[in-house]
Amino acid sequence: QVQLVESGGGLVQAGGSLRLSCAASGIWFSMYVMDWYRQAPGKQRELVATITSGGSTNYADSVKGRFTISRDNGKKTVYLQMNSLKPEDTAVYYCHALRPPYSPYWGQGTQVTVSS
């Protein structure tokens, strides 16, 4: 059974930091592209950051220079370090695992709330 379990969300003041974690089980983790998405109330889910199996990264323009995605294949975990948080970063953050042609997987989400 595949599970992606996010943790690390919470309430933080603007300018603060949080580190999200996503622990995977039931997949060959090192072979998967791992992403973080987020969805704010009333908005579409958007891609925040991606890390490939080889460790290449990509970021949404809105988080470049503030967020860092990383992975530990030994621990089957992907991280999202979020610094200089802004109120507009408030959203539910989701972990996503992708390895075409197989079905992608989603975590249950973790709430991040940034107060002004």
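Whatever comes next refers back to the structure up there.
Per chain, residues are indexed from 1 in the order of the written sequence. The predicted origin of the model limits local features to residues at a pLDDT of at least 70 and limits the giving and counting of side-chain atom pairs to 80 or more, whereas totals for whole chains, interfaces and linings rest on all residues. The side-chain quantities take in all heavy atoms of the structure and omit both hydrogens and water.

Observations regarding unusual backbone geometry
Excluding glycine, most residues fall at negative phi; most peptide bonds, likewise, are trans. Here is the rule we go by: Working definition: helices are DSSP H or I runs of at least four residues, strands are E runs of at least two. Numbering for both runs from the N terminus. Only protein chains enter the calculation, and the probe is 1.4 Å; a residue is then buried if its accessible area is under 20% of its type maximum, exposed if over 50%, and partly exposed in between.
Residue Pro101 follows Pro100 across a cis peptide bond; omega there is 5°. Here Pro101 shows up in the loop between strand E9 (91-98) and strand E10 (105-106). A positive phi angle, close to 55°, is found at Lys76, a residue other than glycine. Tracing the backbone through its elements, the reader meets Lys76 in the loop between strand E7 (67-72) and strand E8 (77-82). Residue Lys76 is classed as partly exposed on the basis of its relative accessible area, which comes to 35%. Phi is positive for Ser84, which is not a glycine, with a value near 50°. Judged by its relative accessible area of 41%, Ser84 is partly exposed.

Side note on the state of the cysteines
Definition in use: Two cysteine sulfur atoms form a disulfide, by the criterion used here, when they sit within 2.5 Å.
A complete count under the given rule lists one disulfide for this structure. Each sulfur of the disulfide joining Cys22 and Cys95 lies 2.1 Å from the other. One disulfide, between Cys22 and Cys95, carries an S-S torsion of -80° and so falls in the left-handed class. Pair noted here: Cys22 is in strand E3 (residues 18-25) and Cys95 is in strand E9, with a separation of 73 residues, a long-range link. Accessibility classification places Cys22 together with Cys95 in one group, the buried group.

Focus: the pairing of E3
Which entries qualify depends on this criterion: At least two DSSP bridges between two strands are required for those strands to pair.
Examined bridge by bridge, strand E1 (residues 3-7) and E3 share five bridges and lie antiparallel to one another. Looking at E3, one finds that Gln3 is bridged to Ser25. Examined bridge by bridge, E3 and E8 share six bridges and lie antiparallel to one another. The partner of Leu18 across the bridge, within E8, is Met82.

Observations concerning the packing of aromatic side chains
Counted only if it meets this: Note on aromatic contacts: the rings of Phe and Tyr and the six-membered ring of Trp form a pair at centre separations within 6.5 Å, being stacked when their planes are under 30 degrees apart, edge-to-face when over 60 apart, and tilted otherwise.
Overall, the coordinates contain three aromatic pairs when judged by the stated rule. Here the aromatic rings of Tyr94 and Trp106 are separated by 6.4 Å at their centres, their planes lie at 85°, and the arrangement is edge-to-face. Of this pair, Tyr94 sits in strand E9 while Trp106 sits in strand E10; the two residues are 12 residues apart in sequence, bridging distant segments of the chain. On the basis of relative accessible area, Tyr94 is assigned to the buried category, the value being 15%. Judged by relative accessible area, Trp106 falls into the partly exposed class, the value being 37%.

Topic: the environment of Thr50
Note the following rule: Any two residues whose heavy atoms approach within 4.5 Å at even a single point are treated as in contact. In protein, a polar contact means a hydrogen-donor-capable atom and an acceptor-capable atom, both N or O and within 3.5 Å, with residues adjacent in sequence counting only if both atoms are side-chain atoms; elsewhere, any N or O pair within 3.5 Å suffices.
With respect to the secondary-structure elements, Thr50 resides in strand E5 (residues 46-51). Residues Thr50 and Thr77, spaced 27 residues apart in sequence, show a C-alpha to C-alpha distance of 13 Å. Apart from the residues within four sequence positions on either side, Thr50 is in contact with Val33, Met34, Asp35, Ser56, Thr57, Asn58 and Ile69. A distance of 2.7 Å separates a polar atom in the side chain of Thr50 from a polar atom in the side chain of Asp35.

Just geometry here; none of it tells us what the structure is for.
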